[in-house]
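Coordinates in review
The residues making up each chain are set out below.
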Amino acid sequence: MPLFGNKFSPKKTSPRRSASLSNLSTIDEAQKAAEFGLDYGPIRVKLGGAEISYHDGQWISEGGGSGVSQREVVKLKKDKQKLEEENNLLKLKMQILLDMLAEQTCESHLLEKEVQEMRGGRGRKK
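Residues numbered from 1 in each chain as written. Predicted model: local features only at pLDDT ≥ 70, side-chain atom pairs only at ≥ 80, totals over all residues. Heavy atoms only, no water.

What about the pattern of salt bridges?
- Applying the stated criterion across every chain, the model contains 3 salt bridges.
- Note that arginine 44 is salt-bridged to glutamate 51, the shortest N-O span being 3.9 Å.
- Under the relative-accessibility criterion, arginine 44 is labelled partly exposed at 48%.
- The salt bridge partner of lysine 75 is aspartate 79, with a shortest N-O separation of 3.3 Å. (Salt bridge = Lys/Arg side-chain N within 4 Å of Asp/Glu carboxyl O. Buried < 20%, exposed > 50% of the residue type's maximum accessible area, 1.4 Å probe, protein only.)

Below you can see the structure in the form of structure tokens.
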């Protein structure tokens, strides 16, 4: 006979019902697709009176007090970057053209000096 008895042995639980309590099996496929499908639209979050949404990998403010939407700001930043790159390319081309002009001017002066020396040499021989 055990010293403490069978006080600590748990009682066996009754088996669970096999039927599900969920009502998802009664919903038709069209309603399931509408409720749980992948077409959920853009993600929108409202925090402290400001609403933002997630588009193309970026969070964009929907209702700003500035009057300019975040989409326009992103577009303007992209345009600015493109124009800065184009401006840098044009500056490089202008620098190359100025170098070419300086080289041609130098060659022209050297040739002019040689012509003057040849003319001066002919005149001295006579």
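Moving on from the model shown.
Points about the sheet that holds strand β2 (residues 50-55)
- Pairing is antiparallel in the open sheet, where 3 strands are placed in the order β1-β2-β3. Each having just a single partner strand, β1 (43-47) and β3 (58-61) make up the two edges of the open sheet. Across this sheet, the average inter-strand angle for adjacent strands is 30 degrees, counted without regard to direction.
- Here β2 pairs with β3 via 4 bridges, running antiparallel. When the sheet's bridge partners are listed, tyrosine 54 is paired in β3 with tryptophan 59. (Pairing = 2+ DSSP bridges. Helix = DSSP H or I, 4+ residues; strand = E, 2+ residues; numbered from the N terminus. Axes fitted to C-alpha atoms, helices over the stretch in contact; angles between N-to-C directions.)

A short note on the side chain of serine 53
- Relative to the helices and strands, serine 53 resides in strand β2.
- Classification of serine 53 by relative accessible area gives buried; the value is 0%.
- Not counting chain neighbours up to four residues away, the residues in contact with serine 53 comprise Ile43, Arg44, Gln58, Trp59, Ile60 and Glu62. (Contact = heavy atoms within 4.5 Å.)

Shape descriptors only; they carry no functional weight alone.
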